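Working through the structure, step by step
Now for the letters of each chain:
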Amino acid sequence: LVTLDTHSKLDVAIDGADEVDPDLNLVKGGGGALLREKMVEVCAEKFIVIVDESKLCDGLGPGFPVPVEITPFCHEHTIRTIAALPSCAGCEAVLRMGSSSSNKPDGDNIAVTDNGNYIVDLHFTDPIKDAPKMASELKNTVGVVDHGIFCGMTTAVIIAGSDGISVKEA
């Protein structure tokens, strides 16, 4: 057994997703490990996603909140800044409460990730218009550690559906 610190080149990473759009952009990290998941995926030559057909969507956002990991310092300011980003227009930014591994409020304390940060869940009623632009704007926001939008990272998505198994390749 090794770590990514000593062996940071992986042949393949296999994981699930919370949402998958037609361009194979993903929302991941609903369980609170979005930064660690992304770190594993960027180390992999191939990234395979396995989902059931309920995870497929026409556009990211309305079906599952987009998690954003932020620093505790000035977190309220960071939340306001995120909500004001042009690409986040129309979102409701909600600080996750309770367990960091549940995107539903299940406690009175602020949820803390394994990295000691907070999570803001971005709730959308309409699909995100430009997921790559939103990913970039979020990543360039001071106070944001990372986000749960995974664009251009997926090699293939394996889909379990009522008609059997299908594969979509990038």
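The preceding data block contains the structure.
Presented here is a report on the structure given in the accompanying data block.

Thresholds applied
Residues numbered from 1 in each chain as written. Predicted model: local features only at pLDDT ≥ 70, side-chain atom pairs only at ≥ 80, totals over all residues. Heavy atoms only, no water. Helix = DSSP H or I, 4+ residues; strand = E, 2+ residues; numbered from the N terminus. Buried < 20%, exposed > 50% of the residue type's maximum accessible area, 1.4 Å probe, protein only. Polar contact = N/O pair within 3.5 Å; in protein donor to acceptor, adjacent residues only side chain to side chain. Contact = heavy atoms within 4.5 Å. Pairing = 2+ DSSP bridges. Axes fitted to C-alpha atoms, helices over the stretch in contact; angles between N-to-C directions. Salt bridge = Lys/Arg side-chain N within 4 Å of Asp/Glu carboxyl O. Disulfide = S-S within 2.5 Å.

Once that is clear, we can look at the side chain of histidine 75. You can see histidine 75 is positioned in helix H2 (residues 75-84). In this structure histidine 75 comes out as buried when scored by relative accessible area, which is 15%. Polar side-chain contacts of histidine 75 include one of 3.1 Å to the backbone oxygen of proline 72. Excluding residues that lie within four positions of it along the chain, histidine 75 makes contacts with Ile70, Leu95, Ile110 and Tyr118.

Strand order in the open sheet made by the 4 strands is S6-S7-S5-S8, with antiparallel pairing throughout. Either end of the sheet is taken by a strand with one partner, and the two such strands are strand S6 (92-95) and strand S8 (144-147). Here the average twist between neighbouring strands, direction ignored, is 30 degrees. In this structure, strand S5 (residues 66-70) lies alongside S8, joined through 3 bridges in antiparallel fashion. Bridge pairing in S8 places glutamate 69 opposite aspartate 146. Against the sheet, helix H1 (residues 34-42) makes contact with S5, strand S7 (118-123) and S8, and its axis sits at roughly 65 degrees relative to S8, the strand it touches most.

Next up on the list: the pattern of salt bridges. Throughout the structure, instances matching the rule amount to 7 salt bridges. For the salt bridge of aspartate 15 with lysine 28, the shortest nitrogen-to-oxygen distance reads 3.0 Å. Here aspartate 15, found in strand S1 (residues 10-15), pairs with lysine 28, found in the loop between strand S3 (26-27) and H1; they are 13 residues apart in sequence, far enough to count as distant. Take lysine 28: its relative accessible area is 2%, and that puts it in the buried class. With a shortest N-O distance of 3.0 Å, lysine 38 and aspartate 146 are connected by a salt bridge. Here lysine 38 is found in helix H1, whereas its partner aspartate 146 is found in strand S8, with 108 residues between them in sequence. Comparing lysine 38 with aspartate 146 shows no difference in burial state: the two are buried. By sharing partners, the salt bridges in this structure join Asp15, Lys28 and Glu37 into a single network.

Our next topic: the state of the cysteines. Under the criterion given, the structure shown has 0 disulfides. No disulfide involves cysteine 74; its sulfur sits 19 Å from the nearest other cysteine sulfur, which is in cysteine 88. Looking at the unpaired cysteine 88, the closest cysteine sulfur is the one in cysteine 91, lying at 4.9 Å. For cysteine 88, a relative accessible area of 0% puts it in the buried group.

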